[in-house]
Amino acid sequence: QRERARSSRDDSQSMKSQSADLMDCEVTSTFIGYDHYETTSTVVACFKDGVKCDEIVDEGDVILEETSFYAESGGQVADKGTFTGEGIACDVVDVKKAPHGQPLHHVIVKEGTIKVGDCVKAVIDTDKRKMTTRNHSACHLLQSALKRVLGDHVAQAGSYVCDEYVRFDFTHFEKISETQLKEVESLVNKFISNKDDVTIELMSLEDAKKTNATALFDEKYGDVVRVVTMGEVSKEFCGGCHVSNTAELGVFKIESEESVGSGIRRIVGKTGYAAYEAFIEYENTLKELAAMLKLNGIVKVSGKVAQLIDEKAELQKQCAELNGQLMSAKASEVANE
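For clarity, every value in this text was computed on a predicted model and none was experimentally measured.

(A) Inspection of the packing of helix 4 (residues 126-150) against helix 5 (residues 178-193) at higher detail. One can describe the packing of helix 4 onto helix 5 by two numbers: an axis separation of 9 Å at closest approach and a directional angle of 130°. Relative to helix 5, the element helix 4 is oriented oblique. Taken as a pair, helix 4 and helix 5 cross one another with a handedness that is right-handed. Contacts between helix 4 and helix 5 pair Leu-141, Leu-142, Ser-144, Ala-145, Leu-146, Arg-148, Val-149 and Leu-150 from the former with Gln-180, Glu-183, Val-184, Leu-187, Val-188, Phe-191 and Ile-192 from the latter. Looking at the contact of helix 4 with helix 5, its residues break down into eleven nonpolar, two polar and two charged.

Right under this line is the structure:
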């Protein structure tokens, strides 16, 4: 197992995590990206495979004085986007937090050379951010719905939020029934239709605890925390990106539910247009079944399938009886001979 872990480890990422230059880098970098999708900022540090350098000509990591790019954390994926400047064009393909918390942009240089002191325009992929934001807010609503349907013992055990879907791991001792899943999905969509405003407050850790906001028990929080409240439905500690109103989610669809460990369940869901596409996929499948069953619409599919199941059972019974009669006849023939 140790050999497999070593062979699968990305050498550059391993080098970065152990980089003395990154550990010693204490330049200030401010994240302004909750409300701003682009900014013009100065390059304050460059790194190549974790080693500090003055410029990057192909691929490396950059720290800006201030940035609109969200660094991967709290289960939410990093932003992607571009840096442009005078004679400079870079794709930002990932953003991690440096050892001292600065957003570390991994860039691929497409044109020119990016250097310390350069002024660049940093622009995130807005569509990706907005879809990721909707899924992150859905994560909070999903946890509230699960607690209401399954009980207060439900607690977050991990999450992954990207532009395509939200994956939520939680504590629960048994498989969730189809009825319960439908109730959870319905409840999340009810929360969305309530059109609750989403408020975000910065407060001291002690004051935040007094609000009874949900927190991750194993998370290390600073002296000041961010509390995200969605109407009367949800109140959680969270440093991620969120919508301003639950109605922005549009619709929520549960894609799957499964066990991922002892006492840990996982739900994958989608929001907005991705959820709409999932509904369309289910509808198209039903239409194909209706056509195969020679029905005029999908409404009668379940009744027709139930009828076919009954007919199959009856035919199997008749086959068993006929096989019995055939074997009896053969036995008599053998006995006569």
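(B) Region of interest: the confidence of the model for the chain. Looking at the chain as a whole, its pLDDT mean stands at 91, while 94% of the residues score no less than 70. Within the chain, helix 2 (residues 11-17) has the poorest average pLDDT of any element, 50, and strand 11 (residues 119-124) the best, 97.

(C) Region of interest: the sheet that holds strand 15 (residues 224-230). A sheet is described by the order of its strands in space; here three strands give the open sequence 14-15-16, paired in antiparallel fashion. Bordering the open sheet on either side are strand 14 (198-204) and strand 16 (234-237), each of which pairs with just one other strand. On average, adjacent strands in this sheet sit at an angle of 20° to one another, irrespective of strand direction. Alignment of strand 14 against strand 15, held across seven bridges, turns out to be antiparallel. When the bridges of strand 15 are listed, Thr-199 appears paired with Thr-229.

(D) Structural view of the pattern of salt bridges. Counted under the stated rule, the structure contains twelve salt bridges. Between Asp-79 and Arg-129 there is a salt bridge, and its shortest N-O distance comes to 2.6 Å. Remark: Arg-129 occurs in helix 4 and Asp-79 occurs in the loop between strand 6 (66-67) and strand 7 (81-85); sequence separation between them is 50 residues. Considered together, Asp-79 and Arg-129 belong to a single accessibility category, that of buried residues.

(E) Quick peek at the nonpolar core. By size, the foremost hydrophobic cluster in this structure holds 30 residues, and its most contacted members are Leu-141, Leu-142, Leu-146, Phe-170 and Phe-252. Looking at this core, the elements that each hand over two or more residues are helix 4, strand 13 (166-171), helix 5, strand 15 and strand 17 (252-261). Sort the elements by how many residues they give to this core and helix 4 lands first, with eight residues. Not counting the four nearest positions on each side in its chain, Phe-170 is found in contact with Leu-146, Leu-150, Val-154, Ala-155, Gln-156, Ala-157, Ile-176, Gly-263, Ile-264, Arg-265, Arg-266 and Ile-267. Val-43, Ile-56, Phe-69 and Val-120 belong to the second-largest nonpolar core, a separate cluster that totals 20 residues.

(F) Layout of the packing of aromatic side chains. Under the criterion given, the structure shown has seven aromatic pairs. Taking 5.9 Å as the distance between ring centres and 75° as the angle between the ring planes, the aromatic pair formed by Phe-31 and Tyr-70 counts as edge-to-face. Highlighted residues: Phe-31 in strand 1 (residues 30-31) and Tyr-70 in the loop between strand 6 and strand 7, separated in sequence by 39 residues. For the ring pair Tyr-160 and Tyr-165, a centre distance of 5.9 Å and an interplane angle of 40° mean the geometry is tilted. An aromatic cluster is present here, built from Phe-31, Tyr-34 and Tyr-70 joined pairwise through their rings. Over the ring of Tyr-34 we find Arg-226, and its NZ or CZ is 3.7 Å from the ring centre.

(G) Local environment of unusual backbone geometry. Not every positive phi belongs to a glycine, and Asp-49 is a case in point at roughly 55°. Inspection of the secondary structure puts Asp-49 in the loop between strand 2 (38-48) and strand 3 (51-53). Of the residues examined, Asp-49 reaches a relative accessible area of 35% and is grouped as partly exposed. For Asn-212, which is not a glycine, the phi torsion comes out positive at approximately 65°. Locating Asn-212 in the fold gives a position in the loop between helix 6 (205-210) and strand 15.

Quick notes on the rules
Here, residues in each chain are numbered from 1, in the same order as that chain's written sequence. Under the rules for a predicted model, residues below a pLDDT of 70 receive no local features and side-chain atom pairs below 80 are neither given nor counted, while totals for whole chains, interfaces and linings still include all residues. For side-chain calculations, the full set of non-hydrogen atoms in the structure is used, while hydrogens and water are omitted. Here, axes are lines fitted to C-alpha atoms. For helices the fit covers the stretch in contact, and angles between N-to-C directions go from 0 to 180 degrees. Only DSSP runs of H or I reaching four residues or more are called helices, and only runs of E reaching two or more are called strands; each is numbered from the N terminus. Should an angle fall under 35 degrees it is taken as roughly parallel, and over 145 as roughly antiparallel, whereas 65 to 115 is taken as roughly perpendicular and any remaining angle as oblique. In this scheme, a crossing is called left-handed if the near helix is turned counterclockwise away from the far one by less than a right angle; it is called right-handed if the turn is clockwise. Whether two residues touch is decided by their heavy atoms; if any such pair falls within 4.5 Å, the residues are in contact. When residues are grouped by polarity, Ala, Val, Leu, Ile, Met, Phe, Trp, Tyr, Cys and Pro land in nonpolar, Asp, Glu, Lys and Arg in charged, and all others, Gly among them, in polar. Per-residue confidence from the predictor is given as pLDDT, running between 0 and 100. If DSSP finds at least two bridges between two strands, the strands pair. What makes a salt bridge here is a side-chain nitrogen of Lys or Arg within 4 Å of a carboxyl oxygen of Asp or Glu, nothing more. The rule is simple: take the accessible area with a 1.4 Å probe, protein chains only, and divide by the maximum for that residue type; under 20% is buried, over 50% is exposed, in between is partly exposed. Nonpolar cores are built from buried Ala, Val, Leu, Ile, Met, Phe, Trp, Tyr and Cys residues. Side-chain atoms within 4.5 Å join them into one set. Note on aromatic pairs: the rings of Phe, Tyr and Trp (six-membered ring only in Trp) are paired at centre separations within 6.5 Å, and the planes decide the class, stacked below 30 degrees, edge-to-face beyond 60, tilted for the rest. Two thresholds decide whether a charge sits over a ring: the Lys NZ or Arg CZ must be within 6 Å of the ring centre and within 35 degrees of the ring normal.

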